[in-house]
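The residues making up each chain are set out below.
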Amino acid sequence: MSSPGTPDPRRPDKEQALSKKIQAIRGMNDLLPDQSPLWQYFEGQVRALMGRYGYDEIRTPIVEQTALFKRSIGEVTDIVEKEMYTFEDRNGDSLTLRPEGTASCVRAALEHGLLHNQTQRLWYQGPMFRHERPQKGRYRQFHQVGVECFGLEGPDIDAELILLSARLWKQLGLFEHVTLELNSLGSPEARSAYRDKLVSYFEAHLDVLDEDSRRRLTTNPLRILDSKNPDMAAMLADAPRLMDHLDEASKDHFERLTAMLDAAGIAYVVNPRLVRGLDYYTRTVFEWTTTALGSQGTVCAGGRFDGLVEQLGGKPVPAVGFAMGIEHLVLLLDTLDLVPDEARGELDVYLLPMDEAAEPAALLLAERLREAMPELRAQLHCGGGSFKSRIKKADKSGARLALLLGEDELAENAVTLKFLREDREQQRLEQATLAETLTSLLAGEPLA
């Protein structure tokens, strides 16, 4: 007998390979039917809101040239150094599964001439990929909604994006559970001068810096400010503030932005340690955070990236945007029980032919109801079985109502209405007025 983990010489290699259970890649999860309605609800709310604000959808490939992300995100960021899924294709080209959406959006806008003397308000949604340690709400394949606006440099568009996101939280019932944090990163020139002061400060406190922060000291020192290490908290609190070293134009931009948010009644916290993790940000940066899932987490983040278009080969174009993680937000909605019952995809009606003879009539009745009631969620029993097993399947379907068709019902051109979730007596209904009756009943009106 062969030992575990060694090939069995009595079984062909192909047979052994087929017998091995294949599972999803760690951190790349299936979205099962009981979760799909929550995603559809969230995505539907987003899609409708984007239309109301005049934003157009763009869809880009999930695979791009690796150089796109190295040039946009920055070669010394954690994303490029540690997290990207990069491979060579058969032509020897280096390709990468997109780790974020902004660079792809800019690339597409440049490639198709969308930025030539015009403004663009764009949004997208789809999967992104990063090789991180999977945890609840954060996966290696994750999904984002992104919004990007090109060609507008004033703080009014920054304010509109923040107000747009705030309106989404209100629609979803999340507004009381999130906090807006703001900062300004200033111009590249001002940030460069501040960087020198920050490095000098950190070098004077090397004994306090952890290993990760020491590595960042020569690559991306601003990211040290975002450290969650409690042993560094006091030292970071006394670090030079970027807000105190802004250029005048960036100060004015930030003051005008906060004035607009004040006028709109949007509360915010100025967080001088908010720096964001990507190199392309300038001036405004913001995050919406929540503690409703335990420790503080970011549900939406963005800011201005005025230099990115030029960095990727185009003429200078001001730009601002944000992204939000769908997994995190769906988890938040579910945890707070903010998904309406009608959005959970539950069936209204289960059509149940009581025997084989009634199956053709039940099939036609189901189609007539779907024609007359486009919003009706109805499922037809298929697969036969005993009457007892059919009733069990009707109950298991989760539908509110069952419509039974048997010999008597066929003879009378009627159906029997059975309440599956309420303790009420069955009723016989005429097929001729069935759609009208169901419409009233599902709206909560009493039966005549």
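Preceding block: the structure.
Keep in mind that what you see is a predicted model, and the values were worked out from it rather than measured.

Rules behind the numbers
Residues numbered from 1 in each chain as written. Predicted model: local features only at pLDDT ≥ 70, side-chain atom pairs only at ≥ 80, totals over all residues. Heavy atoms only, no water. Salt bridge = Lys/Arg side-chain N within 4 Å of Asp/Glu carboxyl O. Helix = DSSP H or I, 4+ residues; strand = E, 2+ residues; numbered from the N terminus. Buried < 20%, exposed > 50% of the residue type's maximum accessible area, 1.4 Å probe, protein only. Axes fitted to C-alpha atoms, helices over the stretch in contact; angles between N-to-C directions. Parallel < 35°, antiparallel > 145°, perpendicular 65-115°, else oblique. Left-handed = near helix turned anticlockwise from the far one by under 90°. Contact = heavy atoms within 4.5 Å. Nonpolar A, V, L, I, M, F, W, Y, C, P; charged D, E, K, R; others polar. Pairing = 2+ DSSP bridges. Phe/Tyr/Trp six-rings, centres within 6.5 Å; stacked < 30°, edge-to-face > 60°. Lys NZ or Arg CZ within 6 Å of the ring centre and 35° of its normal.

Any two side chains of opposite charge can pair, given that their charged atoms come close. Considering all chains together, one arrives at 21 salt bridges under this definition. For the salt bridge of Asp-212 with Arg-215, the shortest nitrogen-to-oxygen distance reads 2.9 Å. Placement of the pair is Asp-212 and Arg-215 together in helix H8 (residues 211-216), with a separation of three residues, close to one helical turn. Judged by relative accessible area, which is 29%, Asp-212 ranks as partly exposed. On the accessibility criterion, Arg-215 (27% relative accessible area) is partly exposed. We note a salt bridge from Asp-212 to Arg-216, for which the minimum N-O separation is 3.4 Å. Remark: Arg-216 and Asp-212 occur in helix H8; sequence separation between them is four residues, near one turn of the helix.

Moving on to the packing of helix H2 (residues 36-52) against helix H6 (residues 155-172). When two helices pack together, you describe them by how their axes are tilted relative to each other and by the distance separating the axes. The interhelical angle for the contact between H2 and H6, taken along N-to-C directions, is 140°, at an axis separation of 11 Å. Between H2 and H6, the crossing angle belongs to the class labelled oblique. Both H2 and H6 take part in a crossing whose hand is right-handed. Listed contacts from H6 to Tyr-41, Phe-42, Gln-45, Val-46, Leu-49, Met-50 and Arg-52 of H2 are Leu-164, Arg-167, Leu-168, Gln-171 and Leu-172. Residues of the contact of H2 with H6, tallied by class, amount to eight nonpolar, two polar and two charged.

In this structure, strand S3 (residues 85-88) lies alongside strand S4 (residues 94-97), joined through four bridges in antiparallel fashion. The residue bridging Glu-88 from the neighbouring strand is Ser-94, located in S4. From the end of S3 to the start of S4, which pair antiparallel, there are five residues, and Gly-92 there has a positive phi angle of about 85°.

Another point: the packing of aromatic side chains. A full pass over the atoms with the stated rule returns five aromatic pairs. Ring centres of Phe-150 and Phe-305 lie 6.0 Å apart, and the angle between their planes is 80°; this geometry places the pair in the edge-to-face category. Of the two residues, Phe-150 sits in strand S6 (residues 141-150) while Phe-305 sits in the loop between strand S10 (297-304) and helix H11 (308-311), which places them 155 residues apart along the sequence. When its relative accessible area of 0% is taken as the criterion, Phe-150 is described as buried. Ring centres of Phe-175 and Trp-288 lie 6.4 Å apart, and the angle between their planes is 55°; this geometry places the pair in the tilted category. In this pair, Phe-175 sits in the loop between H6 and strand S7 (179-184) while Trp-288 sits in strand S9 (residues 282-290), placing the two residues 113 residues apart along the sequence. When its relative accessible area of 24% is taken as the criterion, Phe-175 is described as partly exposed. What makes Trp-288 buried here is its relative accessible area of 2%. Aromatic ring contacts, followed pair by pair, group Trp-169, Phe-175 and Trp-288 into a single cluster. In this structure, Lys-170 packs its charged tip against the face of Phe-175, placed 5.0 Å from the ring centre.

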